[in-house]
Each structure stands twice: as structure tokens, then as C-alpha cells.
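Spelled out from the first residue to the last, the chains are:
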Amino acid sequence: MSETPDTTIDLPEPSELLAAHRGALADGRLTFQRCSACQNAWLPPRDRCPRCLADTWAWETASGRATVVSWVVYHRAYHPAFADRVPYNVVLVDLEEGPRMLSTVIGIDGGEGLAIDLPLQAEVGHEGEVPVARFRLAT
Ligand SMILES: [Zn+2]
């Protein structure tokens, strides 16, 4: 007897800040926060600057231009929801405005063609109902 694997990914309720970030993504904008005290820019959303701990900051919209910092390629699915995606990449990217984030590069096979400092361009996709920022190789 075969059983259909549960491909549901349980996610915690987003914080107010993450919900705001996702709301902007749903509108097609990749946002990040910039500290009003030291100008540091960061992701993921948090209520204080991770550099100087100031709680004065503002949202900004990223250009979407980014570069590859590092990556891994998964050849094994550690959750049934990813079984039909292997091999897939998980990429650490630097947005040109400064924030560093984890994402994936779509439109390539596994990690084919990935290189440090490779230029990328963000685009909004969805994981189920959740809007997410993904990247493609910049043209
Ligand atoms: Zn700061």
C-alpha cells in the first residue's frame, strides 16, 4: 500500500514586520530596512538595526540587482514538498543596496552556471500562498 506523502510546509505566523515585507512582495516590490542612525541595510526584517541596535529605520525598495555570494545544490529532498525539485540550489545573495539574503536562482538546472559575484535579478514568485523573492541570471 502506498501512501501519498504530505507535501504541506508548516510555516509559523509571520511577525508584523515579515507580514509587511511579504505584503510589499505581493505588490512586486522587494523591500528591506535601512537604519536611520548608521545607514546599515538588512534582511530579514527585524525591529532593530543588527549593527548598532537603533530602533529608527525605514523601509526601502530594492532595485532587484544582486550578486552571488555562495550556494549549495541539494540533490536529496529532506521534505516531501521538495522531492520534485531536486537538484535545486539555495543561494546566498548580496543585494546591491547591501542586504544579504538566502534565496534560489531559477531558470537554471541545479547549480549550473553559478559563480561567485555572478549578477542576478530578483523576481517575485510564490511558495503556495507566500510571496517570495527569487533570482534569475541577469541578462
Ligand atoms: Zn544602525
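The protein appears in an unreviewed UniProt entry as DNA-binding protein from Baekduia soli.

### Some points on the coordination of the zinc ion
Ideal donor angles around a metal are set by the shape: a four-donor tetrahedron calls for 109.5 degrees, a six-donor octahedron for 90 or 180 degrees. Those donors, C35 (SG), C38 (SG), C49 (SG) and C52 (SG), are the protein atoms that reach the zinc ion, and they lie 2.3 to 2.4 Å from it. One can describe the donor arrangement at the zinc ion as tetrahedral, given that its 4 donor atoms subtend angles of 102 to 116° at the metal. With relative accessibility at 0%, the residue C49 sits in the buried group.

### Section: the UniProt feature "domain: ChsH2 C-terminal OB-fold" (unreviewed entry) in the protein
Under the present numbering, the feature "domain: ChsH2 C-terminal OB-fold" (unreviewed entry) in UniProt falls on residues 59-123. The span residues 59-123 is 0% helix and 46% strand, and its two end C-alpha atoms sit 18 Å from each other.

### What to know about unusual backbone geometry
Outside of glycine, negative phi angles account for most residues, and trans bonds account for most peptide bonds. Note the cis peptide between L43 and P44, where omega equals -10°. Relative to the elements of secondary structure, P44 occurs in the loop between β2 (41-42) and β3 (57-61). Cis peptide bonds are those with omega within 30 degrees of zero, and the linkage from V86 to P87 qualifies with -5°. Position of P87 relative to the elements: it lies in the loop between β4 (65-74) and β5 (88-95). Phi is positive for Q39, close to 70°, though the residue is something other than glycine. Structurally, Q39 is set in the loop between β1 (31-35) and β2. Residue Q39 is classed as partly exposed on the basis of its relative accessible area, which comes to 46%. In this structure, L53 takes a positive phi of about 70° despite not being glycine.

How each quantity is defined
- Residues numbered from 1 in each chain as written.
- Predicted model: local features only at pLDDT ≥ 70, side-chain atom pairs only at ≥ 80, totals over all residues.
- Heavy atoms only, no water.
- Donors = N, O, S within 2.8 Å, 3.2 Å for Na, K, Ca; no water.
- Tetrahedral: all angles 85-135°; square planar, octahedral: opposite > 155°, others 65-115°.
- Buried < 20%, exposed > 50% of the residue type's maximum accessible area, 1.4 Å probe, protein only.
- UniProt positions renumbered as here; feature names shortened; annotations may be inferred.
- Helix = DSSP H or I, 4+ residues; strand = E, 2+ residues; numbered from the N terminus.

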